[in-house]
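Remarks on the overall topology
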Amino acid sequence: MAFQGSGELEDQIEEPEDTLRVSPAEEMPVDGPPAVEDPDPEPLLLPWDRFSTWLHCICVVGFDLELGQAVEVIYPHHSKLTEKEKTSICYLSFPDSNSGCLGDTQFCFRFRQAAGRKSSLGCFLDHFDRDAPVCLKRDQGYYYGYVYFRQVRDKSLKRGYFQKLVLRLLNNNKAGESHAAKMRIVSNGVQPYIVQTGVDTDGETQEEVTTFRACIPRGFMNFILIMYACASLLQSLVLISKLPYVTFFHSLLKLIAPEYFEKQEPCLEAACNDIDRWPTPCPGKILTLPIMGVVMKLRIPTCYDKPGTSQLVQSSPSDSLVSIVLPTVHEVDLFRCFHPVFFHIQMLWELVLLGEALVVMAPSPAESSDTVLALVSCISPLRYCSDFRPYFTIHDSEFKEYTTRTQAPPSVILGVTNPFFAKTLQHWPHIIRIGDMKQAGEMAKQMKVKKLKNLKTLDSKPGVYTAYKPFLNKDEDIIKQLQKGVQQKRPSAAQNAILRRYFLELTQSFIIPLERYVASLMPLQKSISPWKSPPQLRPFNQEEFMKTLEKAGPQLTSRLKGDWIGLYRQFLRSPNFDGWFRNRRKEMMQKLEALHLEALCEEDLQLRIHKHTEVETVDLVLKLKEKLTQAEKDQLPVKPGTLPKLQSHIETIILSLPEDLQGILHKPPSP
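Computed from a prediction, not measured in an experiment: that's the story for all the values here. (Residues numbered from 1 in each chain as written. Predicted model: local features only at pLDDT ≥ 70, side-chain atom pairs only at ≥ 80, totals over all residues. Heavy atoms only, no water.)

1. A look at the sheet that holds strand β13 (residues 387–389)
Spatially, β13-β14-β12-β15-β16 is the arrangement adopted by the five strands of the open sheet, whose pairing is mixed. Edge strands, defined here as strands with exactly one partner in the open sheet, are β13 and β16 (463–466). In this sheet, neighbouring strand axes are inclined to one another by 15 degrees on average, regardless of whether the strands run parallel or antiparallel. Its contacts with the sheet put helix α10 (residues 345–353) on β12 (358–361), β14 (412–416), β15 (430–433) and β16, and the angle it makes with β16 is roughly 50 degrees. Against the sheet, helix α11 (residues 365–377) contacts β12, β13, β14 and β15, and its axis sits at roughly 160 degrees relative to β14. (Pairing = 2+ DSSP bridges. Helix = DSSP H or I, 4+ residues; strand = E, 2+ residues; numbered from the N terminus. Axes fitted to C-alpha atoms, helices over the stretch in contact; angles between N-to-C directions. Contact = heavy atoms within 4.5 Å.)

2. Describing the side chain of Q235
In this fold, Q235 is placed in strand β8 (residues 232–241). Exposure remark for Q235: the relative accessible area of 18% places this residue in the buried category. Looking at Q235, its side chain comes within polar contact range of the side chain of E72, at 3.1 Å. Among all residues touching Q235, those that are not within four sequence positions of it are V60, V61, G62, E72, F94, Y148, F149, R150, Y260 and F261. (Buried < 20%, exposed > 50% of the residue type's maximum accessible area, 1.4 Å probe, protein only. Polar contact = N/O pair within 3.5 Å; in protein donor to acceptor, adjacent residues only side chain to side chain.)

3. Considering the nonpolar core
Judged by nonpolar contacts, the single largest core of 107 residues is most densely connected at W54 and F248. By residue number, the principal contributor to this core is helix α15 (residues 492–519), which donates ten residues. Residue contributions to this core reach at least three from each of two domains, namely domain 1 (49–156 + 231–263) and domain 2 (335–581). When residues no more than four places from it in sequence are discounted, the contact partners of F248 are W54, W278, L289, M296, L298, L326 and V329. Ranked by size, the runner-up nonpolar core spans 22 residues in total, among them C601, L605, L620 and L643. (Core = buried A, V, L, I, M, F, W, Y, C linked by side-chain atoms within 4.5 Å. Domains from an automatic or database assignment.)

4. Considerations on the sheet that holds strand β9 (residues 286–291)
With respect to topology, three strands assemble into an open sheet ordered β9-β10-β11, the strand pairing being mixed. Each edge of the sheet is formed by a strand with only one pairing partner; in this case those strands are β9 and β11 (322–325). Between one strand and the next, the sheet's axes are offset by a mean angle of 30 degrees, whatever the strand orientation. Relative to β11, strand β10 (residues 294–299) runs parallel, the two being bridged by three bridges.

5. So, the pattern of salt bridges
Using the criterion set out here, one finds 26 salt bridges in the structure. Put simply, K86 and E83 hold a salt bridge, and the shortest N to O gap is 3.6 Å. Here E83 and K86 lie together in helix α3 (residues 83–92), a separation of three residues that amounts to about one turn. Salt-bridge contacts for R336 lead to D370; the nearest nitrogen and oxygen are separated by 2.5 Å. On the criterion of sequence distance, the pair formed by R336 in helix α9 (residues 334–338) and D370 in helix α11 is long-range, its members being 34 residues apart. Judged by its relative accessible area of 31%, R336 falls in the partly exposed class. One continuous salt-bridge network, built from bridges that share partners, spans R110, R112, D139, R383, D387, R389, D396, E398 and E401. (Salt bridge = Lys/Arg side-chain N within 4 Å of Asp/Glu carboxyl O.)

6. Overview of the environment of A132
You can see A132 is positioned in the loop between α4 (122–131) and β4 (142–153). With relative accessibility at 4%, the residue A132 sits in the buried group. Spatially, the C-alpha atom of A132 lies 6.6 Å from that of P301, the residues being 169 residues apart in sequence. Residues within four places of A132 in sequence aside, it is in contact with K137, P283, P301 and C303.

7. Thoughts on the pairing of strand β2 (residues 68–75)
Sheet analysis places strand β1 (residues 57–64) next to β2, joined by seven bridges and oriented antiparallel. Each residue of the ladder has a partner; that of I58, found in β2, is Y75. Between β1 and β2, which pair antiparallel in sequence order, lie three residues.

8. With respect to the packing of helix α18 (residues 575–601) against helix α21 (residues 642–655)
Across the interface, α18 lies against α21 with an axial gap of 9 Å and an inter-helix angle of 50 degrees. Our classification of the angle between α18 and α21 gives oblique. Judged by the sense of rotation from one axis to the other, the crossing of α18 with α21 is left-handed. Across the interface between the two elements, L597, E598 and C601 of α18 pack against T642, L643, K645, L646 and H649 of α21. Residue classes in the contact of α18 with α21 are distributed as four nonpolar, two polar and two charged. (Parallel < 35°, antiparallel > 145°, perpendicular 65-115°, else oblique. Left-handed = near helix turned anticlockwise from the far one by under 90°. Nonpolar A, V, L, I, M, F, W, Y, C, P; charged D, E, K, R; others polar.)

9. Focus on the packing of aromatic side chains
A complete count under the given rule lists 38 aromatic pairs for this structure. A centroid spacing of 6.5 Å and a plane angle of 50 degrees characterise the contact between Y144 and F388, whose relative ring orientation is tilted. With a gap of 244 residues between them, Y144 in strand β4 and F388 in strand β13 connect regions that are remote in the sequence. Each member of the pair, Y144 as well as F388, carries the same accessibility label: buried. Taken together, the ring pairs connect W349, F510, Y517, F540, F545, Y568, F571, F577, W580 and F581 into an aromatic cluster. (Phe/Tyr/Trp six-rings, centres within 6.5 Å; stacked < 30°, edge-to-face > 60°.)

10. Regarding the pairing of β15
Neither face of β15 is exposed, since H430 and I432 on one face and I431 and R433 on the opposite face are all buried. In this sheet, β15 lies alongside β12 in parallel orientation, the contact comprising four bridges. Paired with V360 across the bridge in β15 is I432. Bridging between β15 and β16 involves four bridges; their strand directions are antiparallel.

11. Some words on the packing of helix α7 (residues 246–263) against helix α8 (residues 265–275)
Two numbers describe how α7 lies on α8: the axes approach to 7 Å, and their chain directions differ by 150 degrees. One finds that α7 runs roughly antiparallel with respect to α8. Of α8, the residues touching α7 (which contributes L252, I256, E259, Y260 and K263) are E265, P266, C267, L268, A271 and I275. Considering only residue class, the contact of α7 with α8 consists of eight nonpolar, no polar and three charged.

12. Quick notes on unusual backbone geometry
For the bond from Y75 to P76, the omega torsion is -5 degrees, close enough to zero to count as cis. Looking at the secondary structure, you find P76 in the loop between β2 and α3. In this structure, the amide linkage connecting S380 to the following residue, P381, adopts the cis form with an omega of 10 degrees. Position of P381 relative to the elements: it lies in the loop between α11 and β13. A positive phi angle is found at Q264, which is not glycine, with a value near 65 degrees. Counting through the fold element by element, Q264 comes out in the loop between α7 and α8. We note that K489 has phi near 55 degrees; this positive angle belongs to a residue other than glycine.

13. Observations concerning helix α16 (residues 542–552)
Of all the positions in α16, only F545, M546, L549 and A552 are classed as buried. One face of α16 carries all of its buried residues, which in axial projection span an arc of 140 degrees. Projecting away from the buried face of α16 at angles above 90 degrees are the exposed residues K547, E550 and K551. Next to the buried residues of α16 lie α15 and α17 (564–571). Capping the start of α16 is the job of one residue whose side-chain oxygen sits 3.1 Å from the backbone nitrogen of E543: N541. (Arc of directions from axis to C-beta.)

Following this line, the structure appears as structure tokens:
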């Protein structure tokens, strides 16, 4: 959340100047951005620059019986992906073989960006990130992949959708069979997954069994391997982007993908050309986006919007061409996602807040990715600062890192569909099993939290498997309210709004005491002198903060009872606190820099330089120019007119110097 200029701040807080502190929690308006210098009009953009502000590229991933998954098309053709990135996209763009995703399926995934990649639009894109909510800022080290997967019957083949081959692994499996051998099966068009014994073979010959047995890695003895030799056409259209606008990109894919599957690459080229004519994704503006004969209208939220509210995009008489109005660009349906386990939503909120290792086991990539995104968003407006993978497979480059038993599971949320993970991740502390998501009108059965030892490979029932004991007492009111909504057939949108409001209020009750304490770390405004470096923040003292909770804790805004102190102590050790405090500290340091600049502008610099030598005056000019450049780069939240005024002061000082020095000081700095 950004900061307001000190002019507005002084109008809002009537305190003597010598006791004024600058509070990030109290000074933020809810109806508009802080008063900062108006940016220059949108710069002249080159071809594909506008496209690049929305997407990195569009990929078409196909399936070949000889080669396996392969990236068939990358558009625009000049887009760069490393081989490792292409491999990740290939495997993440298709459902696991057991998902049974016939027809069309949409889901999303997230993967690491190759190290060292830099965007030529970096500074330009940072301008948009400044005004975006923390949960909608670009992911610096990751890409999102938004998938439209289609599977249709191959009419050239006599069989139906699948040719199923069931093989029994024998106990005489050779020790030391390599992982590369297993991968060779996958690259030959067969994606294996493991199930428990007890299923008979379907009459395969011993030769067939022997042929495939040699390709199975060590440790899979006494299991049955089911392989699908594909007899249908599989293809995925994938949008690769830094933006977490899941609802928007899924809506966009519904327009582009069916057309592409019918008309192929010319259609894709036309869509990309349309996107390259879009306005840039500027938060707070109503955007009208034409795409393939259809017009979408939407608004990207800003960090100045009041939490829990959305400024609906209103239709107007001039919108006769608008076909689609999106009420949100990023929110998933929380109630639908949590419906199978909504008796445990408060415990799940605690687990996400504390950055605990979580795995979601779901029957399809769509349900897996939606549930992971719902978990990440349930602590909004806090940003989830650990890694999360809406859809994760055994072929992911981080598979070994995340499944090793030699160290504690990392702080990450994984969404998986392959039953093999039920064995591989059995040592993880918290596992959520999601069955087929029921309609919102059906009543979910109340389920107790289950012990991890009861989690078997395949036959486990949906539920939450954990030994975690929540810090807070269970809130029965929200459960009753949602159950009543189901009984009364309350619309799903209303149920979703109730649940989203509940999570928001719970998170705000938790974070307000932290905001209040961090605001007290700011130095007094009277300590800011134009001729000294800006004062430093006081360090965060955990015990000092804990003492403030007795009188100014979450009990002021939340009715929930429980061990709030224990919850805070655990949170202060989590990646979410580290990320939150780093962001707060950066904002407060920028505020101090902005106040220091404003103090400099109020000084009579001309009078000051008369008391200095030429060398001291030149040194002052160089320091002022450096501060001005840094302020523009960091987009400091200064009063309107501050930066032009400082530039004017610099020019006046330079003109008071001899001509030879003026020529030197007017030269632009070397890059």
